[in-house]
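Now for the letters of each chain:
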Amino acid sequence: MADILYRYNKQVYFNITNRCCCNCTFCIRNHQDYYGEADNLWLDKEPSAEEVIDAIKAFDFGDCDEVVFCGYGEPTMALDTMLAVSDYMHSHYPFRIRLNTNGLADLIHNRSTAEEICSAVDSISISLNMPDAKSYTEIVHPAYGEKAFEAMLQFAKDCKEYLGDNVCLTVVSVIGEENIEKSKLLAKSLGIPLRIREYS
């Protein structure tokens, strides 16, 4: 049985969908079935909000200091579930809620989503991955082609309007120093912090 909730360090992660509109070259799910304390993150079926909440009720959060929507899929593809679970968490637990996302929710849902997403979480980490549309498309392989890059940047700017400095962009260290430096410049031009993640 796949893990809906799993722990990594002091964070508890919510694995609510395996659907994703990207196929990133360096995505960990292309190489292994688990992460952190999870045994298996490939869901037999996508859980409903009620099933996720049942898993939450049964989970020992122990010394958890943050919960994160992040599993083997893009959380905003199960947006209604994410919003319902977030509402439950805010009502019953003291933890900050973070969303790790590819930033393509507007394309997924064909509308602006930043306001409702930002009202549901306390911080957002958006995968920039590469500093320009061409290289981004080559690495991320988004279902929407090159327009995905600008949509992701617009989503980041929109989220900044609601969450301020609680929005960050991320790249993975394996993209190389030149691309990291270009990404830093791009992030700085947007007024959004950039975090460099070590590839593991």
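Heads up: the structure comes first, above all this text.
Just so you know, these numbers come straight off a predicted model, no measurement behind them.

## Some thoughts on the pairing of strand β6 (residues 167–172)
Here β6 lies mainly inside the structure; 6 of its 6 residues are buried. Where strand β5 (residues 123–127) lies against β6, 4 bridges are found, and the strand directions are parallel. Pairing of Ser125 across the sheet is with Cys168, part of β6. Strand direction decides the pairing type here: β6 and strand β7 (residues 194–197), joined by 4 bridges, are parallel. If you follow Val171 over to β7, its bridge partner there is Ile196. With helix α7 (residues 177–190) bridging β6 and the parallel β7, this β-α-β connection has right-handed handedness.

## As for the packing of aromatic side chains
Using the criterion set out here, one finds 10 aromatic pairs in the structure. Ring centres of Phe59 and Phe61 lie 5.2 Å apart, and the angle between their planes is 70°; on these two criteria the pair is classed as edge-to-face. Phe61 gets classed as buried once you look at its relative accessible area, which sits at 6%. Here the aromatic residues Phe59, Phe61, Tyr88, Tyr93 and Phe95 are joined through ring pairs into a cluster of three or more.

## Concerning the sheet that holds strand β4 (residues 96–101)
Strand order in the open sheet made by the 7 strands is β1-β2-β3-β4-β5-β6-β7, with mixed pairing throughout. This sheet does not close on itself; its edge strands, each paired only once, are β1 (5–8) and β7. Adjacent strand axes in the sheet meet at a mean angle of 30°, parallel and antiparallel pairs treated alike.

## Focus on helix α1 (residues 49–58)
Along an α-helix, residues three or four positions apart point the same way, because every turn accommodates 3.6 residues. Taken together, the buried positions of α1 are occupied by Ala49, Val52, Ile53 and Ile56. For α1, the angular spread of buried residues about the axis comes to 100°, placing them on one side. Those residues of α1 that are exposed and angled more than 90 degrees off the buried face are Glu50, Lys57 and Ala58. Next to the buried residues of α1 lie β1, β2 (11–14) and α2 (79–92).

## A few points about the nonpolar core
In terms of nonpolar packing, the biggest core is built from 63 residues, with Phe14, Phe61 and Met89 touching the most fellow members. By residue number, the principal contributor to this core is helix α6 (residues 147–163), which donates 9 residues. For Phe14, the contacting residues outside a window of four places in its chain are Ile4, Leu5, Ile56, Phe61, Val67, Val68, Phe69, Cys70, Gly71, Val85 and Met89. Membership of the second largest hydrophobic core comes to 8 residues, among which are Tyr6, Ala38, Val68 and Tyr72.

## Observations concerning the pairing of β2
Neither face of β2 is left uncovered, since the one carrying Gln11 and Tyr13 and the one carrying Val12 and Phe14 both have all their residues buried. With antiparallel pairing between neighbouring strands as the criterion, β1 and β2 make up a hairpin whose turn holds 2 residues, including Asn9 at a positive phi of roughly 55°. The pairing of β2 with strand β3 (residues 66–69) spans 4 bridges and is classified as parallel. From the neighbouring strand, Val12 faces β3, where its bridge partner is Val67.

## Details of the pattern of salt bridges
Tallying each qualifying case throughout the model produces 8 salt bridges. One salt bridge in this structure joins Asp63 and Arg7, with 3.3 Å as the shortest N-O distance. With Asp63 in the loop between α1 and β3 and Arg7 in strand β1, this pair connects stretches of sequence that are 56 residues apart. A relative accessible area of 11% means that Arg7 is categorised as buried. Notably, a salt bridge pairs Arg111 with Glu116, separated by 2.1 Å at the nearest N-O pair. For Glu116, a relative accessible area of 26% translates into the label partly exposed.

## As for unusual backbone geometry
In the Ramachandran plot, Asn129 falls in the positive-phi region, its phi being about 70° despite a non-glycine side chain. Relative to the elements of secondary structure, Asn129 occurs in the loop between β5 and α5 (133–140). In this model, His141 sits at a positive phi of 50°, which is unusual for a non-glycine residue. Take His141: its relative accessible area is 41%, and that puts it in the partly exposed class.

Conventions and cut-offs
- Residues numbered from 1 in each chain as written.
- Predicted model: local features only at pLDDT ≥ 70, side-chain atom pairs only at ≥ 80, totals over all residues.
- Heavy atoms only, no water.
- Buried < 20%, exposed > 50% of the residue type's maximum accessible area, 1.4 Å probe, protein only.
- Helix = DSSP H or I, 4+ residues; strand = E, 2+ residues; numbered from the N terminus.
- Pairing = 2+ DSSP bridges.
- Right-handed = clockwise from strand over helix to strand, strands pointing away.
- Phe/Tyr/Trp six-rings, centres within 6.5 Å; stacked < 30°, edge-to-face > 60°.
- Axes fitted to C-alpha atoms, helices over the stretch in contact; angles between N-to-C directions.
- Arc of directions from axis to C-beta.
- Contact = heavy atoms within 4.5 Å.
- Core = buried A, V, L, I, M, F, W, Y, C linked by side-chain atoms within 4.5 Å.
- Salt bridge = Lys/Arg side-chain N within 4 Å of Asp/Glu carboxyl O.

Purely spatial values, then, with no claim about function.
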